[in-house]
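Coordinates in review
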Amino acid sequence: MAYVTLEKVSKDFGKTRVIDAIDLTIDNGEFVVFVGPSGCGKSTLLRLVAGLETMTGGSLTIDGVNMTDVDSANRGIAMVFQSYALYPHMTVAENITFGMRMAKVAKAEIADKLSRAARMLHLEPLLDRKPAQLSGGQRQRVAIGRAIVRDPSVFLFDEPLSNLDAALRHEMRIEILRLHKELGSTMIYVTHDQVEAMTMADKIVVLNRGQIEQVGSPLDLYLNPDNLFVAQFLGSPK
Ligand code: ADP
Ligand code: MG
């Protein structure tokens, strides 16, 4: 059943149409990857789902609810950025629990959620460290931990691994897929990396110049690309 539905979603910046009448449905629990070349609109599309940008036209529903008048904090989503966006003066534990502490969540619940996230992400030994004392991969785990404690129904990732070296990227891909399995949440993952798309996605959405070129499973797209752009982008045999 469709959990996230986009109908004719468009976004203009000034006179430039950056997202052009996109129709897309995402099922509950699906791992969907938006892939395409730099500047094609991946981040903008994700930010529209997150409510960090306002749509110029079209409609978006999540779990059957129209999101037009729902702000970002109330969409049941959590976003993980490439830049991690951690607070440098706070420990790992403080970074992960910051949102809950601001919202005055009960101490016991904060402790529970922190320990669950720390366990899932293997952060237990690092909880008292500051971001500067962490590797890039560890920082990205903290950023994911901060998302997990919000119990989102939809996780949004914007090129979360592009600052990491190849070995760490490989390790974190497996980690994110393990989390997806464990949590069962819907995940939308943006990357310009074909390998990431092919190895992680249940469903790939190939974007080009603000439009969808093709949607399908990695195997579908690889074996039956609709056009030359998709074939060349994904390195298909034809
Ligand atoms: P991607 O994430 O695929 O690299 P983006 O969604 O960041 O692409 O950008 C798509 C297009 O929209 C680009 O041409 C970019 O320059 C433009 N763009 C993105 N954000 C803004 C903004 N806030 N103001 C004006 N143009 C923007
Ligand atoms: Mg981007």
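None of the values given here were measured: they were computed from a predicted structure. (Residues numbered from 1 in each chain as written. Chains lettered and ligands numbered in written order. Predicted model: local features only at pLDDT ≥ 70, side-chain atom pairs only at ≥ 80, totals over all residues.)

Our focus in this paragraph is the UniProt feature "domain: ABC transporter" (unreviewed entry) in the protein. Under the UniProt annotation, "domain: ABC transporter" (unreviewed entry) lies at residues 4-234. The span residues 4-234 carries 37% helix and 27% strand; its end-to-end C-alpha distance comes to 25 Å. (UniProt positions renumbered as here; feature names shortened; annotations may be inferred. Helix = DSSP H or I, 4+ residues; strand = E, 2+ residues; numbered from the N terminus.)

What follows concerns the site of ligand 1. Taken together, Phe-13, Val-18, Gly-36, Ser-38, Gly-39, Cys-40, Gly-41, Lys-42, Ser-43 and Thr-44 make up the full set of residues adjacent to ligand 1. Sorting elements by how many residues they give to the shell around ligand 1 places helix α1 (residues 42-50) first, with three residues. Residue composition of the shell around ligand 1, by class: three nonpolar, six polar and one charged. (Near = placed C-beta within 6 Å. Nonpolar A, V, L, I, M, F, W, Y, C, P; charged D, E, K, R; others polar.)

With that out of the way, let us pick up the packing of helix α2 (residues 92-102) against helix α4 (residues 136-148). A packed helix pair is summarised by two numbers, namely the angle formed by the two axes and the spacing between the axes. One can describe the packing of α2 onto α4 by two numbers: an axis separation of 8 Å at closest approach and a directional angle of 30 degrees. Compared by their axis directions, α2 and α4 come out roughly parallel. Judged by the sense of rotation from one axis to the other, the crossing of α2 with α4 is right-handed. Contacts between α2 and α4 involve Val-92, Asn-95, Ile-96 and Gly-99 from the first element and Val-142, Gly-145 and Arg-146 from the second. (Axes fitted to C-alpha atoms, helices over the stretch in contact; angles between N-to-C directions. Parallel < 35°, antiparallel > 145°, perpendicular 65-115°, else oblique. Left-handed = near helix turned anticlockwise from the far one by under 90°. Contact = placed C-beta atoms within 7 Å.)

Before going further, it helps to examine the sheet that holds strand β2 (residues 16-27). Within the open sheet, the four strands sit side by side as β2-β1-β4-β5. Their pairing is antiparallel. The sheet is open, and its two edges are formed by β2 and β5 (65-66), each paired on a single side. Bridging between strand β1 (residues 2-13) and strand β4 (residues 57-62) involves five bridges; their strand directions are antiparallel. The partner of Val-4 across the bridge, within β4, is Ile-62. (Pairing = 2+ DSSP bridges.)

What follows is about the environment of Val-4. Looking at where Val-4 falls in the secondary structure, it is placed in strand β1. Counting along the chain gives 52 residues from Val-4 to Thr-56, while the straight-line C-alpha distance between them is 18 Å. When sequence neighbours within four positions are dropped, the list of residues in contact with Val-4 reads Ile-26, Val-49, Ile-62, Val-154 and Thr-186.

Before going further, it helps to spend a moment on the sheet that holds strand β7 (residues 154-158). Judged by pairing direction, the sheet is mixed, and its six strands sit side by side in the order β6-β7-β8-β3-β9-β10 without closing on themselves. Either end of the sheet is taken by a strand with one partner, and the two such strands are β6 (77-81) and β10 (211-216). Neighbouring strand axes in the sheet, compared pairwise and without regard to direction, differ in orientation by 15 degrees on average. Sheet topology note: the strand β9 (residues 203-208)/β10 ladder contains five bridges and is antiparallel. In the strand pairing of β10, Asn-208 is matched with Gln-211.

What follows is about α4. Across its 13 residues, α4 extends 18 Å between first and last C-alpha, which sits within 8% of the 18 Å expected from 1.5 Å per residue. Extensive coverage of α4 is indicated by the burial of 10 of its 13 residues. Considered for burial, the residues of α4 that qualify are Arg-139, Gln-140, Arg-141, Val-142, Ala-143, Ile-144, Gly-145, Arg-146, Ala-147 and Ile-148. Where α4 is buried, its residues meet β6, α2, α3 (107-120), β7 and α5 (166-183). (Expected span 1.5 Å × (residues − 1). Buried ≥ 20, exposed ≤ 12 C-beta atoms within 10 Å, placed from the backbone.)

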